[in-house]
Amino acid sequence: MASVKSLTASVHARLADALSAALPEAASADPLLRRSDRADYQANGILALAKKAKANPRELATRVVEQVVTGDVIEDIEVSGPGFLNVTVSDRAITENLAARAADDSGRLGVPRRAEAGTTVIDYAQPNVAKEMHVGHLRSAVIGDAVRRMLDFTGERTVGRHHIGDWGTQFGMLIQYLIEHPHELDHKADPATDVEAAGEEAMSNLNRLYKASRAVFDSDEEFKTRARQRVVALQSGDEETLALWQRFVDESKIYFYSVFDKLDMPVADDEIVGESAYNPMMAETARMLEESGVAVRSEGALVVFFDDIRGKDDKPVPLIVQKADGGFGYAASDLSAIRDRVFGLKADTLLYVVDARQALHFKMVFETARRAGWLSDAVKAVHLEFGTVLGKDGKPFKTREGETVRLEDLLDEASERAASVVREKAQDLTEEEIAERGAQVGVGAVKYADLSTSANRDYKFDLDQMVSLNGDTSVYLQYAYARIRSILRKAGETRPAAHPELELHAAERALGLHLDGFGDLVAEAAAEYAPHKLTAYLYQLASLFTAFYDKCPVLKADTPAQVENRLFLCDVTGRTLRQGMTLLGIRTPERL
Ligand code: ARG
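Conventions used here
Residues numbered from 1 in each chain as written. Predicted model: local features only at pLDDT ≥ 70, side-chain atom pairs only at ≥ 80, totals over all residues. Pairing = 2+ DSSP bridges. Helix = DSSP H or I, 4+ residues; strand = E, 2+ residues; numbered from the N terminus. Axes fitted to C-alpha atoms, helices over the stretch in contact; angles between N-to-C directions. Contact = placed C-beta atoms within 7 Å. Expected span 1.5 Å × (residues − 1). Buried ≥ 20, exposed ≤ 12 C-beta atoms within 10 Å, placed from the backbone. Arc of directions from axis to C-beta. Core = buried A, V, L, I, M, F, W, Y, C linked by C-beta atoms within 7 Å. Domains from an automatic or database assignment. Near = placed C-beta within 6 Å. Nonpolar A, V, L, I, M, F, W, Y, C, P; charged D, E, K, R; others polar. UniProt positions renumbered as here; feature names shortened; annotations may be inferred. Right-handed = clockwise from strand over helix to strand, strands pointing away.

Q: What is the right way to look at the sheet that holds strand β3 (residues 74–80) in this model?
A: Neighbouring strands of a sheet are bound in pairs by backbone hydrogen bonds; such pairs are parallel or else antiparallel. The strand order across the open sheet built from 4 strands is β1-β2-β4-β3, with neighbouring strands paired in antiparallel fashion. At either end of the open sheet lies a strand with only one pairing partner, and these are β1 (33–35) and β3. If you compare each strand with its neighbour and ignore which way they point, the axes differ by 25° on average. With 3 bridges joining them, strand β2 (residues 41–43) and strand β4 (residues 84–89) adopt antiparallel strand pairing. Residue pairing in the sheet places Ala43 in a bridge with Leu85 of β4. Relative to β1, helix α1 (residues 7–22) is tilted by about 145°, and along the sheet it contacts β1, β2, β3 and β4.

Q: Help me understand helix α11 (residues 330–344) in this model?
A: Each α-helix turn comprises 3.6 residues. Residues three or four places apart therefore point the same way. Spanning 15 residues, α11 covers 20 Å between terminal C-alpha atoms, matching the ideal 21 Å at 1.5 Å per step. Residues Ala331, Ala332, Ser333, Asp334, Leu335, Ser336, Ala337, Ile338, Arg341 and Val342 constitute the buried set of α11. Against β5 (119–123), α10 (279–291), β9 (319–322), β10 (349–355) and α12 (359–371) lie the buried residues of α11. Among the residues trailing α11, Lys346 stands out with phi positive, at a value near 60°.

Q: Please clarify how helix α19 (residues 531–551) should be interpreted in this entry.
A: With 21 residues, α19 extends 30 Å from end C-alpha to end C-alpha; this agrees with the ideal 30 Å at 1.5 Å per step. What α19 keeps buried is the set Pro531, Leu534, Thr535, Tyr537, Leu538, Leu541, Ala542, Phe545, Phe548 and Tyr549. Buried residues of α19, seen end-on, are gathered within an arc of 160° and therefore sit on one face of the element. More than 90 degrees from the buried face of α19, the exposed residues found are Asp550 and Lys551. Tucked inside the fold, the buried residues of α19 contact α5 (135–154), α14 (431–452), α16 (474–490), α17 (506–516), α18 (518–527) and α20 (560–584).

Q: Explanation requested: the nonpolar core in the structure shown.
A: A general tendency of soluble globular proteins is for nonpolar side chains to be buried together. Grouped together as the largest cluster of nonpolar side chains are 162 residues, with contacts concentrated most on Met150, Val321, Val353, Ala445 and Val522. Ranked by residues supplied to this core, first place goes to α5 with 10 residues. Counting the residues that make up this core, at least three belong to each of domain 1 (7–89) and domain 2 (407–584).

Q: What's the story with the sheet that holds strand β8 (residues 301–304) in this structure? I'm lost.
A: Ordered in space as β7-β8-β9, the 3 strands form an open sheet in which the pairing is antiparallel. Strand pairing shows two members of the sheet lacking a second neighbour, β7 (296–298) and β9, which therefore form its edges. Pairwise comparison of adjacent strand axes, ignoring direction, gives a mean angle of 50° for this sheet. Bridge count for β8 against β9 is 3 bridges, and the pairing is antiparallel. Bridging across to β9, Val303 finds its partner in Ile320.

Q: Got a minute to help me understand the site of the ligand in this structure?
A: In the neighbourhood of the ligand, the contacting residues comprise Asp123, Gln126, Asn128, His163, Gly165, Asp334, Tyr352 and Val354. Considering only residue class, the shell around the ligand consists of 2 nonpolar, 4 polar and 2 charged.

Q: It is not clear to me how the domain arrangement of the protein chain should be interpreted in this structure. Could you clarify?
A: Many analyses report the size of an interface as the accessible area lost when the parts associate. Considered domain by domain, the protein chain is made up of domain 1 (7–89) and domain 2 (407–584). Computed from C-alpha coordinates alone, the two centres of domain 1 and domain 2 are separated by 34 Å.

Q: Quick question: what am I supposed to make of the UniProt feature "domain: DALR anticodon binding" (unreviewed entry) in the protein chain here?
A: Here, the residues flagged by UniProt with the feature "domain: DALR anticodon binding" (unreviewed entry) are residues 477–592. Here residues 477–592 runs as 70% helix and 0% strand, with 11 Å between its end C-alpha atoms.

Q: When you look at the pairing of β10 in this model, what are you seeing that I'm missing?
A: Look at any regular strand and the pattern is simple: side chains alternate between the two faces of the sheet. By the criterion of burial, β10 is predominantly enclosed, with 5 of the 7 residues buried. Here β5 pairs with β10 via 4 bridges, running parallel. Considered in β10, the bridge of Ile122 is made with Leu351. Both β10 and strand β11 (residues 380–386) contribute to a ladder of 7 bridges, which runs parallel. By the bridge assignment, Val354 is partnered in β11 with Glu385. At this point the chain moves from β10, through α12, to the parallel β11, and the crossover so formed is right-handed.

Listed below in structure tokens is the structure:
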């Protein structure tokens, strides 16, 4: 694959060279290049450098300008204000750069992979066994999937870990109830042939069983005792008990898969590695922490203390590695998972896409792992926290009855609303096509809304706004894409072709420069785990395309060369939109 250097990178390199020629002590200084409205770029770095070198900034800027190589990429460079540099790149360079991108047949638009990629283990989409998934699980899945795709695109190796909640004392009650009511998990629908129906049936069975067993547990002391004994049997690895536990896990997976399927999201079975998978490591984790003195015994429990983590009355709040009764919990599982990910999977980054409300848990777990030497400068752990999904009323998102909203219902509703938006505009679509597009648009809209606010902020779940055709929505982007495809179809025999000799309209230049910056932007968004930067880029891309399309006739342009060149701009825009949306996990239908 031929990778293409972005114009920004080229201009940056030329300015840096000129800068070190003009001022040798500034050899590795950053010219601070930014896109600008006045010219194509403005460099603001001279001011501070001149100050440091006790030089006159305008004079230094003038010397830099004299040193800059112009005539190919840089068409014009001038000093402005107190010592800024305004840079204009040539039309030819814009078109040639885009042509090189278009010629990359790997589909990567000339975007290089990072030379020194690492391995990131990303912990996302982690629902709980025997429980309904809620909007928090949606956020983890959607954000995690997008971040992972962006990292993959930059060349990073990624390994997914779906740390499902599949262990805990509640299984004693559930298993005991199943023993006493053996047909509660039977089902009719076959997950191999009907993912959706099987998923629904599985969840409704689990729900019913959960409620019924909880009711007996709360009212019947003898059942309670049997349930507690069942916990002990489970923890000591009793085979019959484990086999029943496995049925809950399998049943739940049928449900999870049906939701992930609806979410249009790939989940690999070997990446579903739940809390229980680390059971065999827990005792050793505890022993290592105790022997190294990282953890201490306190009232029988094994705990880790932190100076800066205190609760009421200034009492230190410890992380509990092992309870006084010998049991291990959530923290021991996460600590063991760190060992597995660092030493087994050889990760150098551990990324956790988890609700911000678990921030304290991760703070304590990471600090413990650091003290134990499992995390270090070479291996970092990051909690990518996300905020709460709110209803229109600004309170945590619930149904009118105050219950958590079922994810499946929510996705279905989004798809239905989107289908009605599609139907309004559809000219030659069948009902079946409308439903299919509706799902792609509806689920895309939910994902986009989730991704377009920075993850750590709460956001309001507003379906009307999400499926709107106007504004910063995926629907707007999908329509822009579909329009481009329709223009290219209408062009018939006339193929897109770059003509670098042509002068460009201002709207073409703006679009072209933005397109050229795609790779740089994805690298930045991936490095910061910030999909909202990618959504902002794509929204601006669609807006710049709309402006171009308004001002520059494509099929009716003045000359055949101009028609081809504008079709070429349409084509590169379409491909960039599609690639960008793919990185977000959102489909781009050919027609809408
Ligand atoms: N299952 C947990 C929940 O539903 C999320 C797990 C997050 N990942 C982790 N490694 N602790 O809240």
